[in-house]
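Architecture and fold: a report
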Amino acid sequence: VQLQASGGGLVQAGGSLKLSCAASGGTFGRYTVGWFRQPPGKEREFVAAIRVSGGATTYEDSLKGRFTISKDNAKSTVYLQMNTLKPEDSAVYYCAAGSRIILSSMSRGASYDSWGQGTLVTVSS
């Protein structure tokens, strides 16, 4: 499956952005799609994930309540709605897809075998 992430940009602290991850070349319903981010100079970290079949979701605990992951099966697209953004949310955001990922492994980057190119989110203070 090929993934195309989009929707990043520059936003002021307290603002919102909605990222999109469009999938192509695979059977969308087979996959779990995750969002990860890599802040400048730091390691990649898990943000949220959704199982396309059934809709089970999981989030990084510190982001619950501000970030929401959702999907549109008809468009083969997964979204990440980010609200009340903070400067520390600034990062390159990546979406990734994998199949047969168990719930407890949805936050692990190694569980995913297809990655999008990333979209830059910059939150100004």
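This section reports on the structure supplied with the text.

Now for the overall build of the protein chain. Scanning the protein chain for helices and strands turns up zero helices and 11 strands. When the elements of the protein chain are put in sequence order from the N terminus, they spell out β-β-β-β-β-β-β-β-β-β-β. Scaling as 2.2 N^0.38, a compact globule of 125 residues should have a C-alpha radius of gyration of about 14 Å, and the protein chain matches this with 13 Å. Along the three orthogonal principal directions, the C-alpha set of the protein chain runs to about 40 × 25 × 25 Å. In the protein chain, which comprises 125 residues, the proportion classed as buried is 44%. Expressed as a percentage of contacts within the protein chain between residues at least 6 apart in sequence, the contacts between residues at least 24 apart total 57%. Carbon and sulfur atoms make up 45% of the accessible area of the protein chain, which amounts to about 6,200 Å² in all. Averaging the coordinates of the 13 positive side-chain charges in the protein chain and doing the same for the 8 negative ones gives two points 7 Å apart.

Once that is clear, we can look at the packing of aromatic side chains. Counted by the stated rule, this structure contains four aromatic pairs. Centroid distance phenylalanine 36 to tyrosine 112: 5.4 Å. Interplanar angle 80°. Geometry classified as edge-to-face. Within this pair, whereas phenylalanine 36 is found in strand β4 (residues 31-38), its partner tyrosine 112 is found in the loop between β9 (91-99) and β10 (114-115), the two being separated by 76 residues in sequence. Note on phenylalanine 36: relative accessible area 2%, which makes it buried. On the basis of relative accessibility, which here comes to 5%, the residue tyrosine 112 falls in the buried class. Aromatic pair phenylalanine 36 and tryptophan 115: ring centres 5.1 Å apart, planes at 50°, arrangement tilted. Of this pair, phenylalanine 36 sits in strand β4 while tryptophan 115 sits in strand β10; the two residues are 79 residues apart in sequence, bridging distant segments of the chain. Residue tryptophan 115 is classed as partly exposed on the basis of its relative accessible area of 29%. An aromatic cluster is built from Phe36, Phe46, Tyr112 and Trp115, whose rings are joined through pairwise contacts.

Time to look at the state of the cysteines. All chains considered together, the criterion is met by one disulfide. Cysteine 21 shares a disulfide with cysteine 95; S-S distance 2.2 Å. In this structure, the disulfide formed by cysteine 21 and cysteine 95 twists by about 75° around the S-S bond and is classed as right-handed. Of the two residues, cysteine 21 sits in strand β3 (residues 17-24) while cysteine 95 sits in strand β9, which places them 74 residues apart along the sequence. Taken as a pair, cysteine 21 and cysteine 95 share a single burial class, namely buried.

Moving on to the pairing of β9. Across eight bridges, the pairing between β4 and β9 is antiparallel. Considered in β9, the bridge of threonine 32 is made with glycine 98. Sheet topology note: the β9/strand β11 (residues 119-124) ladder contains three bridges and is antiparallel. In the sheet register, alanine 91 faces β11, and the bridge partner there is valine 121. Taken together, the two bridges between β9 and β10 define a ladder with antiparallel strand orientation. Within the sheet, the bridge partner assigned to alanine 96 lies in β10 and is tryptophan 115.

Rules behind the numbers
- Residues numbered from 1 in each chain as written.
- Predicted model: local features only at pLDDT ≥ 70, side-chain atom pairs only at ≥ 80, totals over all residues.
- Heavy atoms only, no water.
- Helix = DSSP H or I, 4+ residues; strand = E, 2+ residues; numbered from the N terminus.
- Rg over C-alpha atoms; globule rule 2.2 N^0.38 Å.
- Buried < 20%, exposed > 50% of the residue type's maximum accessible area, 1.4 Å probe, protein only.
- Contact = heavy atoms within 4.5 Å.
- Areas by Shrake-Rupley, 256 points an atom, 1.4 Å probe, with all protein chains shown as cover.
- Lys, Arg positive; Asp, Glu negative; His and termini not counted.
- Charge placed at Lys NZ, Arg CZ, Asp CG, Glu CD.
- Phe/Tyr/Trp six-rings, centres within 6.5 Å; stacked < 30°, edge-to-face > 60°.
- Disulfide = S-S within 2.5 Å.
- Pairing = 2+ DSSP bridges.

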